[in-house]
Amino acid sequence: MAHQYLKETQSEKTQLRQWYAVQTYSGYEEAVARYLKQRVESLAMGDKIFNVLVPKEKTIKVKGGKRQTVEEKIYPGYVLVEMILTEDSWYVVRNTPRVTGFVGPDNATPTPLSKDEIDLLLARSQATGEEGRMTIDLRIGDLVKITDGPFKEYDGKVAEVNEEKGSVKVLVPIFGRDTAVELDSLQVKKV
């Protein structure tokens, strides 16, 4: 009989276990996640607060003319918390330093995120962001504006597209002549 009660209690907890978005001071997401994990441990709340996540994804940026993979926050100013919402767990999260409140109609009644929202966020966070082959939405003859590098703000015409390298050759008018300049595809945008 006691064994059956234990199973029912565990399944009830599984049903009540949901993800909530918590608003933080911008730029303090990592610190809030760290503080909250420490509070969960020190206040023995591991049976009510299970995961604390700062959702991030890997993106490719051009810095100093070189392509780099960087990790960026998907939602700056927010931390996700998987928990069973009780008065105690709400209090622990809400009173963590640099937390401004739960996302919901008001701070006292947080709204859980849907399973679809969480699945999408977790999939984005776990994407590899590999620098392999990428598709470039440019064609030969397209007019582009250079957005980075020594020819920044120049307009030009695409002469060649190399999807394997992620680069384009752009004809830029310099001293009255079209000069071919090889650029990373992230350094240009269509006009």
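Given the structure is predicted, the values throughout are model-derived calculations rather than measurements.

### As for the packing of aromatic side chains
Each aromatic ring pair is specified by the distance between its two centres and by the angle formed by the two planes.
Point 1. All told, the structure shown has 3 aromatic pairs when counted by the stated rule.
Point 2. Ring geometry for Phe151 and Tyr154: centres 5.7 Å apart, planes at 80 degrees, overall edge-to-face.

### Let's talk about the pairing of strand S1 (residues 17-24)
Each regular strand carries side chains that alternate between the two faces of the sheet.
Point 1. Relative to strand S5 (residues 78-84), S1 runs antiparallel, the two sharing 7 bridges. Of the residues in S5, the one forming a bridge with Tyr20 is Val81.
Point 2. When S1 meets strand S6 (residues 99-102), the two strands line up antiparallel, connected through 3 bridges. Within S6, the residue paired with Val22 across the bridge is Phe102.

### Description of the sheet that holds strand S2 (residues 49-53)
Point 1. If you walk across this open sheet you meet the 4 strands as S2-S5-S1-S6, and the pairing is antiparallel. What marks the edges here is a single partner per strand, and that holds for S2 and S6. Strand after strand, the sheet turns through a mean of 30 degrees between neighbouring axes, direction not considered.
Point 2. In this sheet, S5 lies alongside S2 in antiparallel orientation, the contact comprising 4 bridges. Bridging from a neighbouring strand, Val52 pairs with Val81 of S5.

### Looking at helix H2 (residues 29-42)
Point 1. Look at H2: 20 Å from first C-alpha to last across 14 residues, which is about the 20 Å you get at 1.5 Å a residue.
Point 2. Inspection of H2 places Glu29, Ala31, Val32, Ala33, Leu36 and Val40 among the buried residues, and these make up the whole buried set.
Point 3. Looking one or two residues past H2, Ala44 carries a phi angle of roughly 55 degrees, positive in sign.

### So, the sheet that holds strand S10 (residues 177-184)
Point 1. Taken together, 5 strands build an open sheet; the order of strands is S10-S9-S8-S7-S11 and the sheet is antiparallel. Of all strands in the sheet, those with a lone pairing partner are S10 and strand S11 (188-190), marking the two edges. The mean angle between the axes of side-by-side strands here comes to 45 degrees, regardless of whether they run parallel or antiparallel.

### So, the nonpolar core
Point 1. In terms of nonpolar packing, the biggest core is built from 17 residues, with Leu36, Ile49, Val81, Met83 and Val93 touching the most fellow members.
Point 2. Sorting the residues of this core by element identifies S1, H2, S2, S5, helix H3 (87-94) and S6 as the ones contributing at least two each.
Point 3. Element by element, the count of residues in this core is highest for H2, at 4 residues.
Point 4. With residues near it in sequence (within four places) discarded, Leu36 still touches Val52, Val81, Val92, Val93 and Thr96.
Point 5. By size, the runner-up hydrophobic cluster in this structure holds 11 residues, among which are Val144, Val168, Val172 and Val188.

Scoring rules and cut-offs
Residues numbered from 1 in each chain as written. Predicted model: local features only at pLDDT ≥ 70, side-chain atom pairs only at ≥ 80, totals over all residues. Heavy atoms only, no water. Phe/Tyr/Trp six-rings, centres within 6.5 Å; stacked < 30°, edge-to-face > 60°. Pairing = 2+ DSSP bridges. Helix = DSSP H or I, 4+ residues; strand = E, 2+ residues; numbered from the N terminus. Axes fitted to C-alpha atoms, helices over the stretch in contact; angles between N-to-C directions. Expected span 1.5 Å × (residues − 1). Buried < 20%, exposed > 50% of the residue type's maximum accessible area, 1.4 Å probe, protein only. Core = buried A, V, L, I, M, F, W, Y, C linked by side-chain atoms within 4.5 Å. Contact = heavy atoms within 4.5 Å.

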